[in-house]
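Chain by chain, the residues run as shown.
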Amino acid sequence: MHRLLTFSFLLTVTVSQGNDKVLGGEECPPHSQPWQVALFEGRRFNCGASLISSQWLLTAAHCYTSKMRVRLGEHNLRVWDGMEQLRGVVYAFPHPRYQGHGHHDDIMLLRLARPASLSDSVQPVALPVRCPRTGEQCVVSGWGLVAESNNKTQRGLGDKAPVPKVKLPDTLHCANISIISAASCNRDYPGQVTDTMVCAGVEGGGTDSCEGDSGGPLVCGGTLQGIVSWGDVPCDTTTKPGVYTKVCKYLTWIRDTMKNN
């Protein structure tokens, strides 16, 4: 079973080892990802997105709703610190080849009703000039579920089996992951990964995007190389990587859509 990451919280998974250390995601330094956008359906958090110019966002096509609202410059979704900017969405452009709730061409441009005011906490991320390379180090970010361990054990699994504890953090979380080779990704998802998708994760699993990570940025070397799209379930125990829309394959469509609208 695969997941489309459409639920209401963006997730960075962390998995414990025997020494109770947590691998993977942790709270980002405030406003260290100034391109990160929180996309709402009315008042409900729905997806992540990336600011790519003062008036344009890039996200996943399956994040589309009829009542989209945007928060830029966010860190804690429950605390107003004065850095935030609220905007409406005036136009949404899902990729013309996207078929609803599918994996292919899962990319969408959003035009803000009013341009963002650029500042230290609100900055666009650069679009790539090349496609991502295997092993390249990247960061995925979002406001989703964080799986942690505790010292309790789960009955029937032995004294050393940790019970995962899952919480919904209010603050933006980041995880360091790397680009997985196409050959490895195709072994995990036979016949399902196209050349417009890229896989990213860590060796052995444990740090990945998950339900609700929709539309969030995969940033490698300061450029937006991926958009969180789909993956395996359950995402907190799978060893398979997350699958991202490969932004480099859509540069002409992105630029033409922005120019013509």
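- Naming follows an unreviewed UniProt entry, where the chain appears as Kallikrein related peptidase 15 of Monodelphis domestica.
- Here is the UniProt Sequence similarities (unreviewed entry) comment for the chain, exactly as written: "Belongs to the peptidase S1 family. Snake venom subfamily."

**Thoughts on the state of the cysteines**
Phase 1 of the analysis: Tallying each qualifying case throughout the model produces five disulfides.
Phase 2 of the analysis: What pairs with C28 in a disulfide is C174, and their sulfur atoms sit 1.9 Å apart. Taking the sign of the S-S torsion, about 110° here, the bridge from C28 to C174 comes out right-handed. With C28 in the loop between β2 (26–27) and β3 (36–41) and C174 in strand β12 (residues 173–180), this pair connects stretches of sequence that are 146 residues apart. Exposure class is identical for C28 and C174. Each is buried.
Phase 3 of the analysis: Linked covalently through their sulfurs, C185 and C199 form a disulfide whose S-S length is 1.6 Å. Of this pair, C185 sits in helix α1 (residues 182–188) while C199 sits in strand β13 (residues 197–201), and the two are 14 residues apart along the sequence.
Phase 4 of the analysis: The exposure class of C185 is buried, given its relative accessible area of 1%.

**Points about the sheet that holds strand β7 (residues 85–94)**
Each strand in a sheet pairs with another by means of backbone hydrogen bonds, the pair being arranged parallel or else antiparallel.
Phase 1 of the analysis: Reading around the barrel, the six strands line up as β3-β4-β5-β8-β7-β6 and close back on themselves, with antiparallel pairing between neighbours. Neighbour-to-neighbour, the strand axes of the sheet open up by a mean angle of 40°, direction not taken into account.
Phase 2 of the analysis: By the bridge criterion, five bridges tie β7 to strand β8 (residues 108–112) in an arrangement that is antiparallel. Paired with A92 across the bridge in β8 is L110.
Phase 3 of the analysis: Here helix α2 (residues 251–260) sits on the sheet in contact with β4 (44–53), β5 (56–59), β7 and β8, set at roughly 25° to β8.

**Observations regarding the pairing of β8**
Phase 1 of the analysis: Among the five residues in β8, four count as buried, and that is most of the element.
Phase 2 of the analysis: The pairing of β5 with β8 spans four bridges and is classified as antiparallel. Bridging from a neighbouring strand, L58 pairs with L109 of β8.

What counts and what doesn't
- Residue numbers here run from 1 along each chain, matching the order of that chain's written sequence.
- Note on the predicted model: pLDDT of at least 70 is required for a residue's local features to be given, and 80 or more for side-chain atom pairs to be given and counted; whole-chain, interface and lining totals, by contrast, use all residues.
- Side-chain measures here rest on the full set of heavy atoms in the structure, leaving out hydrogens and waters.
- UniProt positions are given in the numbering used here, feature names are shortened, and annotations may be inferred rather than shown by experiment.
- The definition used for a disulfide is geometric: two cysteine sulfur atoms within 2.5 Å.
- Starting at the N terminus, helices and strands are each numbered in turn, a helix being any DSSP run of H or I of at least four residues and a strand any DSSP run of E of at least two.
- Any residue under 20% of the maximum accessible area for its type is buried, any over 50% is exposed, and the rest in between are partly exposed; the area is computed with a 1.4 Å probe on protein chains only.
- The pairing criterion for strands is at least two bridges between them, as found by DSSP.
- Fitted lines through C-alpha atoms give the axes, limited to the stretch in contact for helices. The angle between two N-to-C directions lies from 0 to 180 degrees.
- Contacts are residue-level and defined by heavy atoms, with any inter-residue pair within 4.5 Å sufficient.

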